Amino acid sequence: MRVARGELWAGRALLLALMAFTILPFISIFITALHPSGTVPAGGLEWPKPPQWINFVTAFKMAEMPKLLASSIFIVLAVVPATLVISTMAGFAIGLLRIPGARVLLFLFVFGLTLPFQGIIIPIYLLERAIGIYNTRVAIALPLIALYMPFAVFWMRAHFVNMPSELSEAARVDGATTWDLFWKIHVPLARAPVASLGILTSIWTWNQFLLALVLVEDPTQRTMAGGLGAFQGQYANDVPLLCAGTILILVPTLIVFILFQRQIIMALLQGAVKG
Amino acid sequence: MTSDRRAAAFKISRRTSPSKKVRRENFVGWLFTLPALFMYAFFVLVPFLLTILYSFFRWNGVGPMTWVGIKNYLSVLQVPNLVGTIFNAFWLVVWFSFIPVGLGLIVASVIHRIARGRFGTVARTVLFLPQVIALVAAGIIWGWLLALPGLINQILKAVGLGVITRAWLGDFHWALPSVGMVGVWVLLGFCTVLLETGMSKIDPALYESARLDGASWFQEFLGITVPLLRHEIGVCLTVTVIAALAAFDIIWVTTAGGPGNSTSVPGIQIYILAFTQRAIGLASALAVMLMVLVVIVIIPIQWLTRESAQ
């Protein structure tokens, strides 16, 4: 390795500068959150005296955090397992069984990868009003499962299409039904891609904003991101409280990221490359 | 290899007359796709077709629908506030896409060349962080940073640039670049990590021989890294361009399209038209144009990167 000294230091300086650029915004809102509620603090990085830790308690109550957490967890639990099950089944049929029409089906799903959510949100809203699920958590969960299908089916198919066919053939000779083949042989082998898909869809669901904004009026029935949007609408003028609320809502995501950073980064990258 | 073999097996099984057993298996196979297909059809394909249908009517969502042909599309193209959203979306591509990908390439190659150890891992993790937080939260954070008393202006004052401080998001000229900065913050780490992963797959022998010849960082970068990373660059461009054209969350919480319409993008305008002005037809026409636009921009990127993969 022959890297010149100057280059080494220039490179390190660049990396440190960009890390500061990434981290400073978090530090700034944290310090702002400790200023007295109702004031407009100067947004520098001076530590407030005395720090108002009570703001976090106030924001916790104002944002109705327990309800919001429960609501987000409910939505994630409604969306993610269902997404994993039905996309694994479809990916199995398209990638491994190669049913007649598999190509057309795959194309149909891949087409959905390019659709922005805003493109189809209007009919979803009208449809949900018509079938009477508007303004419930189900109103967010059902369309989300459907909107994940293009990516999820594509992702699972990419796994199944690379499975050696000998496995299935041997099982067939032993008289396994299609269901046996799926449940006893291939699902256990698909744990890694299913887990990655689970991580991805959980993060996306937790952070989903547009569907929550359009389909649910009651902020306590929304996802975390949707609840935060409502909180911002109410407390836009109380900057310290808004910052405290934002931090509270970020904490679960940050903990999960710190615990599973390697898996999350890998899943998001693979997701992008395959998608 | 395996796919060849399976393709062959597939052909053989097709050539034998479709026995009752095969037909049964195919039927069962189709049953496996039904739940996914049903959900997708009901909540994505049908709404997609309905959006196209609505775009030809004047409708407030409840009353009678009036057929207006392509008038809604003409309105989108003629009304400055609406066609302006499309221009803004392309402006945003520069910030959300070109800068993160360009800067990401540089940062990734720096990490790859000088920071392969601990420092590099930490740098990658830190830079990646904004990618996992909700875009709404990113918007709120930057909304405060870019405010008049916010950190950006404080830093500018501290380095003697006090004269250029302003409420960045309330300024007709600067609001869009400011929103763009949020995009850079969110997407830079994602691009960096993805490109760096691609770089680690490049044969190190190429770099070693280049270094034996005394190649500088820049020569290495242009001669080896960029050409061999075409596929990864394509992936980054695809993801970030979609993020730019379909932007909503960040803009909604920072500026809601303002001041005036200076940061209004199709996603914002669709929401306002449909859910506050009840102009379902016009909003649908803009939605259709947005979807067409995404496809038109994505196809050449995909096509170029696929070419190079061969």
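Definitions and limits used
Residues numbered from 1 in each chain as written. Chains lettered and ligands numbered in written order. Predicted model: local features only at pLDDT ≥ 70, side-chain atom pairs only at ≥ 80, totals over all residues. Helix = DSSP H or I, 4+ residues; strand = E, 2+ residues; numbered from the N terminus. Rg over C-alpha atoms; globule rule 2.2 N^0.38 Å. Buried ≥ 20, exposed ≤ 12 C-beta atoms within 10 Å, placed from the backbone. Contact = placed C-beta atoms within 7 Å. Nonpolar A, V, L, I, M, F, W, Y, C, P; charged D, E, K, R; others polar. Axes fitted to C-alpha atoms, helices over the stretch in contact; angles between N-to-C directions. Parallel < 35°, antiparallel > 145°, perpendicular 65-115°, else oblique. Left-handed = near helix turned anticlockwise from the far one by under 90°. Domains from an automatic or database assignment. pLDDT = per-residue confidence, 0-100.

A. Inspection of the overall build of chain A at higher detail. Across its full length, chain A holds 13 helices and 0 strands. Computed over its C-alpha atoms, the radius of gyration of chain A comes to 23 Å, more than 25% above the 19 Å expected for a compact globule of 275 residues. Taking the principal axes of the C-alpha coordinates as reference, chain A spans close to 75 × 65 × 30 Å. In chain A, which comprises 275 residues, the proportion classed as buried is 45%. Residue pairs at least 24 apart in sequence account for 72% of intrachain contacts in chain A once pairs closer than 6 positions are excluded.

B. Here's a closer look at the overall build of chain B. Counting its regular elements, chain B contains 14 helices and 2 strands. In summary, chain B has a C-alpha radius of gyration of 25 Å against a globular reference of 19 Å for 310 residues, an excess of more than 25%. Viewed in the frame of its principal axes, chain B has a C-alpha envelope of about 80 × 70 × 30 Å. Restricting to contacts in chain B with at least 6 residues of sequence separation, those with at least 24 account for 73%.

C. Quick peek at the environment of Asn135(A). In this structure, Asn135(A) sits in the loop between helix H5 (117-131) and helix H6 (137-160). In this structure, Asn135(A) is in contact with Val216(A), Glu217(A) and Asp218(A), ignoring residues within four places of it in sequence.

D. Region of the structure containing the interface of chain A and chain B. Contact residues are listed per partner, giving 82 residues for chain A and 82 residues for chain B. Among the residues forming the side of chain A that touches chain B, the class breakdown is 59 nonpolar, 19 polar and 4 charged.

E. Structural context of the packing of H6(A) against helix H9 (residues 191-206) of chain A. Residues and elements named next belong to chain A. Contact geometry of H6 with H9 gives a least axis separation of 11 Å together with a crossing angle of 155 degrees. Put simply, H6 runs roughly antiparallel to H9. Once H6 is placed against H9, the crossing between them reads as right-handed. Along the contact surface, H6 presents Leu144, Tyr148, Ala152, Trp155, Met156 and His159, while H9 presents Pro193, Leu197, Thr201 and Thr205.

F. Representation of the domain arrangement of chain B within the structure. Domain annotation of chain B identifies domain 1 (2-54) and domain 2 (71-309). Taking only C-alpha atoms into account, the centre of domain 1 of chain B sits 37 Å from that of domain 2 of chain B.

G. Structural view of the confidence of the model for chain B. Residues and elements named next belong to chain B. Here chain B averages 88 in pLDDT, while 93% of its residues score no lower than 70. Within the model, pLDDT remains below 50 along residues 1-15, and this stretch shows 6 contacts once partners closer than five positions in the same chain are excluded. For this predicted complex, the interface score ipTM comes out at 0.89, while the overall pTM is 0.88.

H. Representation of unusual backbone geometry within the structure. The omega torsion across Lys49(A) and Pro50(A) is -10 degrees, close enough to zero to call that bond cis. Examined against the element boundaries, Pro50(A) turns out to sit in the loop between helix H1 (5-33) and helix H2 (54-62). Of the consecutive residues Gly258(B) and Pro259(B), the connecting peptide bond is found in the cis state with omega at -5 degrees. Examined against the element boundaries, Pro259(B) turns out to sit in the loop between helix H12 (249-254) and helix H13 (266-275).

I. Focus on the packing of helix H11 (residues 224-235) of chain A against helix H12 (residues 239-259) of chain A. All names here are of chain A. Axis separation between H11 and H12 bottoms out at 10 Å; the angle between their running directions is 175 degrees. One finds that H11 runs roughly antiparallel with respect to H12. Residue-level inspection shows Met224, Leu228, Phe231, Gln232 and Tyr235 of H11 in contact with H12, the latter providing Leu241, Leu242, Gly245, Thr246 and Ile249.

J. Structural context of the domain arrangement of chain A. When its domains are assigned, chain A resolves into domain 1 (5-58) and domain 2 (64-236). The distance between the C-alpha centroids of domain 1 of chain A and domain 2 of chain A comes to 36 Å.

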